[in-house]
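# Examination of the molecular architecture
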Amino acid sequence: MTVDSTISSPLGPPACEKDAKALHFIQNMTRNTDSVQVNVLAEILTQNADTEYLRTFHLDGATDRDTFKSKVPVVGYDDLHPYIKRIADGDRSQILSSKPISEFLTSSGTSAGERKLMPTIAEEWDRRQKLYSLLMPVMNLYVPNLNKGKGLYFYFIKAETKTPSGLVARPVLTSYYKSDQFKNRPYDPYNVNTSPDETILCPDSFQSMYSQMLCGLLMREEVLRMGAVFASGLVRAVRFLQLNWKQLAQDFETGTLSSKITDPSVRAVVSGMLKPNPELAKFITEQCSDENWEGIITRIWPNTKYLDVIVTGAMAQYIPTLDYYSNGLPKYCTMYASSECYFGLNLKPVCDPSQVSYTIMPNMGYFEFLPHDSSSPVTLSRESPPRLLDLADLELGKEYELVISTYAGLCRYRVGDILRVTGFHNSAPQFKFIRRKNVLLSIDSDKTDEAELQSAIDNASVLLREFNTTIVEYTSYGDAKTIPGHYVIYWELLVKDSANQPTDAALNQCCLAMEESFNSVYRQGRVADNSIGALEIRIVKNGTFEELMDYAISRGASINQYKVPRCVSFTPILELLDSRVVSTHFSPAAPQWTPERRR
């Protein structure tokens, strides 16, 4: 097939005609960033002009940026919660969107201990599917011949609930995997995966992982790329193989699927693929029975060219583990998205994880940016609103907080992501994801901030009262070396009666009390997804936190301004803390969690 490569410059020559059209679309969007944004805002305001929310601000039909910015306030979730609650409770009037809210997408950020509900409309999946369709055309520019094999991706659906009105509330990827756009996606030889849809759509996490792993092993020599949404998910998949390889090998030996797989649709599709294969069973046994799992990915899947996982932000902590398992295979991040909105893609995916930058596609929503300076945070008020910048007005090297307006009715909504401009593709800025604002601890999709950690500490400390003991100081870190990762909390205690010290059982219960205090995203990870391990409290010697302060001062911290960090990651500090540990304690049970939302 002859393809006109000039239309995709400077991205490079496309792999096929279909890719050429996708690359042309990217070029068109990024060359005309500002005009596309003007049109997107006008479409959003025209579409939702008669909504209760927008009528409140008396736009009177105006769709221009100046009127929009001068009249519509910048908001957070708490500002919109009363409107969202009415929709969830059954109010079908045009509150936020002129089009019917088709479902709620649950954000991993939390409000009052529960997932946030993000309204969406059916048409949004067409827009998001368009972004998905751009990923492989870009990857094909950098990695040749991906049409000669398959991808092994571990994708899962998660628990969903219904609001009082009957609207479904579920994670955005669960919604996507269940959508017609995913189920009826056109065949693409460059994007064929080993997992049948039935294995992805299985609600039982064990059966889903088992069947996807089995299919990946069955087609191990065809696998050219391997991935999961987050780095933590791929680490968990390797750990799953460590725990279940004997049963998988037996399935290949006999050609019969394990009786643990009871889902009828999964059994049907996977059993149809299985035949006795003693050679494969022997190979898996030889590779997995060895205690040394270094390079296990490249040993079992020898043709794998790269790992496709998010390793930015909190996921960077898993890079050393993935390097160990994969002999340092490249790790490519392709896409930037959230429950609120899909944003953009990485136009140079073949780079070191520390250099990952995303190009926001201006057709996905209307984007504004609040200049961010951690040393002097901006206080938003309706009386003196800050002047937000547009996508085309950003400066290289500066950091910004992302603010979005969507077709589904979010207007000037603070997502909470902090981004740094690293360059430009045509007129579109490219961003490095710096961090989620205010997030202290994160292992998987959980996000725990300082206030929530303090509340959990307070609740756990109640259990120490009978021992006349108080918590002098504390800090924390997310331990990604264990699989799954888990929260570690360091406590220094003041024991006022040496004859009545807290028992091991009481301190174990303190761990559980903290876990019970965390939000539903954390508890779901512990209970349903098995993506977070049991919380650990490490008791340190008296005086440890004074030593920590002395160390900080020796490195230049001001004694007058020093505050104990509530989360630490610097290796020398962790080594200091661990050298002072006198006892360790874990939750004796999993916290309470059910899919139902609290009323």
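Okay, so let's go over this structure. (Residues numbered from 1 in each chain as written. Predicted model: local features only at pLDDT ≥ 70, side-chain atom pairs only at ≥ 80, totals over all residues. Heavy atoms only, no water.)

### So, the overall build of the chain
When its secondary structure is counted, the chain shows 20 helices and 22 strands. Radius of gyration (C-alpha) of the chain: 25 Å, near the 25 Å computed for a compact globule of 599 residues. Considered along the principal axes of its C-alpha atoms, the chain spans approximately 80 × 70 × 50 Å. Across the 599 residues of the chain, 54% fall into the buried class. As displayed, the chain offers around 25,400 Å² of accessible surface, 49% of which is attributable to carbon and sulfur atoms. Mean positive and mean negative side-chain charge positions of the chain (62 and 70 charges, respectively) differ by 2 Å. (Helix = DSSP H or I, 4+ residues; strand = E, 2+ residues; numbered from the N terminus. Rg over C-alpha atoms; globule rule 2.2 N^0.38 Å. Buried < 20%, exposed > 50% of the residue type's maximum accessible area, 1.4 Å probe, protein only. Areas by Shrake-Rupley, 256 points an atom, 1.4 Å probe, with all protein chains shown as cover. Lys, Arg positive; Asp, Glu negative; His and termini not counted. Charge placed at Lys NZ, Arg CZ, Asp CG, Glu CD.)

### Topic: the packing of aromatic side chains
Where two aromatic rings form a pair, the distance of their centres and the angle of their planes describe that pair. Taken as a whole and assessed by the stated rule, the structure comprises 27 aromatic pairs. Consider the rings of Phe206 and Phe240, whose centres lie 5.4 Å apart with planes at 55°: the pair is tilted. Remark: Phe240 occurs in helix H11 (residues 231-254) and Phe206 occurs in helix H10 (residues 205-218); sequence separation between them is 34 residues. For the pair Tyr487 and Tyr522, a centre-to-centre distance of 4.9 Å together with 50° between the ring planes defines the contact as tilted. With a gap of 35 residues between them, Tyr487 in strand S20 (residues 486-495) and Tyr522 in helix H18 (residues 520-527) connect regions that are remote in the sequence. Taken together, the aromatic side chains of Trp125, Tyr132, Tyr153, Tyr155, Tyr176, Tyr177, Phe182 and Tyr342 make up a single cluster linked through ring pairs. A cation over an aromatic ring shows up here: Arg127 above the ring of Tyr407, its NZ or CZ 3.7 Å from the ring centre. (Phe/Tyr/Trp six-rings, centres within 6.5 Å; stacked < 30°, edge-to-face > 60°. Lys NZ or Arg CZ within 6 Å of the ring centre and 35° of its normal.)

### Remarks on the pattern of salt bridges
On inspection of all chains with the given rule, the structure shows 30 salt bridges. For Glu222, the salt bridge goes to Lys150, with nearest N and O atoms at 3.5 Å. Of this pair, Glu222 sits in the loop between H10 and strand S6 (223-230) while Lys150 sits in strand S3 (residues 150-154), and the two are 72 residues apart along the sequence. Linked by salt bridges that have partners in common, Asp34, Arg65, Lys69, Glu368, Asp390 and Arg412 make up one network. (Salt bridge = Lys/Arg side-chain N within 4 Å of Asp/Glu carboxyl O.)

### Some words on the sheet that holds strand S7 (residues 306-310)
Judged by pairing direction, the sheet is parallel, and its four strands sit side by side in the order S3-S6-S7-S8 without closing on themselves. Single-partner strands in this sheet number two, and they are S3 and strand S8 (331-332). Here five bridges tie S3 to S6, and the two strands are oriented parallel to one another. Directly across from Tyr153, in S6, lies its bridge partner Gly227. Where H10 meets the sheet, it contacts S3 and S6, and its direction lies at approximately 160° from that of S3. Along the sheet face, H11 touches S3, S6 and S7 and points at about 120° away from the line of S6. (Pairing = 2+ DSSP bridges. Contact = heavy atoms within 4.5 Å. Axes fitted to C-alpha atoms, helices over the stretch in contact; angles between N-to-C directions.)

### Overview of the environment of Thr194
Among the structural elements, Thr194 can be located in the loop between helix H8 (180-183) and helix H9 (197-200). Expressed as a C-alpha distance, the spacing of Thr194 and Glu17, which sit 177 residues apart in the sequence, is 25 Å. Apart from residues no more than four positions distant in its own chain, Thr194 is found in contact with Lys150, Gly151, Leu152, Cys215, Gly216, Met219 and Val223.

### Some thoughts on empty space enclosed by the protein
One pass over the structure, following the stated rule, counts two cavities of 30 Å³ or more. Estimates place the volume of the largest cavity at around 60 Å³. Taken together, Phe154, Met213, Met226, Leu234, Ala237, Val238, Leu241, Ile296, Ile297 and Trp301 make up the lining of the largest cavity. Counting residues per element, the ones that place at least two in the lining of the largest cavity are H11 and helix H14 (296-300). Looking at which element gives the most residues to the lining of the largest cavity, the answer is H11, with four residues. Quantified by volume, the second largest cavity comes out at close to 40 Å³. (1 Å grid on protein atoms, 1.4 Å probe; cavity = no way out; pocket = protein on both sides within 12 Å on 5 of 7 lines; lining within 4 Å. Points joined across faces, edges and corners; volume = space filled by probe spheres on them.)

### Describing the nonpolar core
Counting residues in hydrophobic clusters, the biggest one holds 161 residues, and the most contacted among them are Leu241, Trp301, Phe367, Phe369, Leu402, Trp491 and Met514. Counting residues per element, this core draws most heavily on H11, at eleven residues. With residues near it in sequence (within four places) discarded, Leu402 still touches Tyr336, Phe343, Ile360, Phe367, Glu368, Phe369, Tyr413, Arg414, Val415, Gly416, Asp417 and Leu419. Core analysis: the next-biggest nonpolar cluster, separate from the first, contains eleven residues, Val488, Tyr490, Leu548 and Leu577 among them. (Core = buried A, V, L, I, M, F, W, Y, C linked by side-chain atoms within 4.5 Å.)

### Quick word on the sheet that holds strand S9 (residues 335-337)
Sheet architecture is open: eight strands sit in the order S9-S10-S11-S16-S15-S14-S12-S13, paired in antiparallel fashion. The sheet terminates laterally at S9 and strand S13 (389-390), the two strands that pair on one side only. Sheet topology places strand S14 (residues 399-405) next to strand S15 (residues 413-425); five bridges connect them, and they run antiparallel. Opposite Ile404, over in S15, you have Tyr413 as the bridge partner.

### Description of the environment of Arg436
Assignment of secondary structure puts Arg436 in strand S16 (residues 428-436). Separated by 21 residues in the primary sequence, Arg436 and Val415 place their C-alpha atoms 8.8 Å from one another. Setting aside anything within four residues of it in sequence, one finds Arg436 in contact with Ser107, Glu340, Val415, Gly416, Asp417 and Lys447.

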